[in-house]
Amino acid sequence: TLTLPGVVSWKGGSLRYAFARELRELRTGRRISTRAFPAALDGLADAAELRFSLNQTDANVLATLRRRGAALEARLACAADRCGLTISDGDRDTICAMTASIAPGEPLAVAAYVDASVVEWDLAEGRAACAHRWYAPGSRRDALEVDVVGKPRVELAAWQLGSAYV
């Protein structure tokens, strides 16, 4: 079950789910963009939007997110016109898995919305999505640490999100 507001549409012969455009209004002026990993995203541990961009030919990567000692692993792999994303916890227990059809040569994006207790993932601009709980005990550091291994041509754009409560 997804918890963030979204819009369901029919595009290119397939059902798509997109996070509501209004979520972009929660972005603060703070944006981080990097191709260098590992990266410490200070201040983004509990309210962030992450967007990973890469080519399908480079899509054999493992991204690890860490906050306050808790880790998530996102393993992305593509073959022919199919891409799969598997999310697992620090013990490598699968939390969610998704696949999507991608046209050859089409750019590939993975998005994640992180808050204090939930992470929501989007694969290939709404072709697949999942949400899961992610509690990070303690308050050792207010940073979200991101590391990417595999093919290095991954670009990360991250925004700190403000509160939806006014």
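Calculation criteria
- Residues numbered from 1 in each chain as written.
- Predicted model: local features only at pLDDT ≥ 70, side-chain atom pairs only at ≥ 80, totals over all residues.
- Heavy atoms only, no water.
- Phe/Tyr/Trp six-rings, centres within 6.5 Å; stacked < 30°, edge-to-face > 60°.
- Buried < 20%, exposed > 50% of the residue type's maximum accessible area, 1.4 Å probe, protein only.
- Helix = DSSP H or I, 4+ residues; strand = E, 2+ residues; numbered from the N terminus.
- Lys NZ or Arg CZ within 6 Å of the ring centre and 35° of its normal.
- Pairing = 2+ DSSP bridges.
- Axes fitted to C-alpha atoms, helices over the stretch in contact; angles between N-to-C directions.
- 1 Å grid on protein atoms, 1.4 Å probe; cavity = no way out; pocket = protein on both sides within 12 Å on 5 of 7 lines; lining within 4 Å.
- Points joined across faces, edges and corners; volume = space filled by probe spheres on them.
- Nonpolar A, V, L, I, M, F, W, Y, C, P; charged D, E, K, R; others polar.

1. Structural notes on the packing of aromatic side chains
So, point 1. Tallied over the entire structure, the rule returns 2 aromatic pairs.
So, point 2. Centroid distance Tyr17 to Phe19: 5.6 Å. Interplanar angle 85°. Geometry classified as edge-to-face. Across the pair, exposure class does not vary: Tyr17 and Phe19 are buried alike.
So, point 3. With 4.6 Å between their ring centres and 65° between their planes, Phe19 and Tyr113 make a pair best called edge-to-face. Here the residue Phe19 occupies a position in strand 2 (residues 14-19), and Tyr113 occupies one in strand 10 (residues 108-115), the gap between them amounting to 94 residues. Comparing Phe19 with Tyr113, the two get one shared label, buried.
So, point 4. Feature note: the residues Tyr17, Phe19 and Tyr113 constitute an aromatic cluster, connected by ring pairs.
So, point 5. Here the guanidinium or amino end of Arg67 rests over the ring plane of Trp134, the centre of that ring lying 4.2 Å away.

2. As for the sheet that holds strand 11 (residues 118-123)
So, point 1. Ordered in space as 3-14-5-10-11-12, the 6 strands form an open sheet in which the pairing is antiparallel. Only two strands of the sheet have a single partner each, and these edge strands are strand 3 (27-34) and strand 12 (128-133). When strand polarity is set aside, the average angle formed by the axes of neighbouring strands in this sheet is 15°.
So, point 2. Pairing geometry for strand 11 and strand 12, over 6 bridges, is antiparallel. Paired with Asp122 across the strands is Ala129, a residue of strand 12.

3. Comments concerning the sheet that holds strand 6 (residues 60-67)
Whether parallel or antiparallel, the strands of a sheet pair through hydrogen bonds between backbone atoms.
So, point 1. Across the sheet, which stays open at both edges, the 6 strands sit in the order 4-13-6-7-8-9 with antiparallel pairing between neighbours. The sheet is open, and its two edges are formed by strand 4 (39-42) and strand 9 (94-101), each paired on a single side. Sheet twist, expressed as the average angle between the axes of neighbouring strands with direction ignored, equals 15°.
So, point 2. Note that strand 7 (residues 70-79) and strand 8 (residues 82-89) share 8 bridges and pair antiparallel. By the bridge assignment for strand 8, Ala77 is matched with Gly84.

4. Observations regarding empty space enclosed by the protein
To find leftover empty space, one rolls a probe the size of a water molecule over the atoms.
So, point 1. Applying the stated criterion across every chain, the model contains 1 cavity of 30 Å³ or more.
So, point 2. One number sums up the size of the largest cavity: a volume of about 80 Å³.
So, point 3. Those elements that place two or more of their residues in the lining of the largest cavity are strand 5 (47-54), strand 6 and strand 7.
So, point 4. Grouping the constituent residues of the lining of the largest cavity by class yields 11 nonpolar, no polar and no charged.

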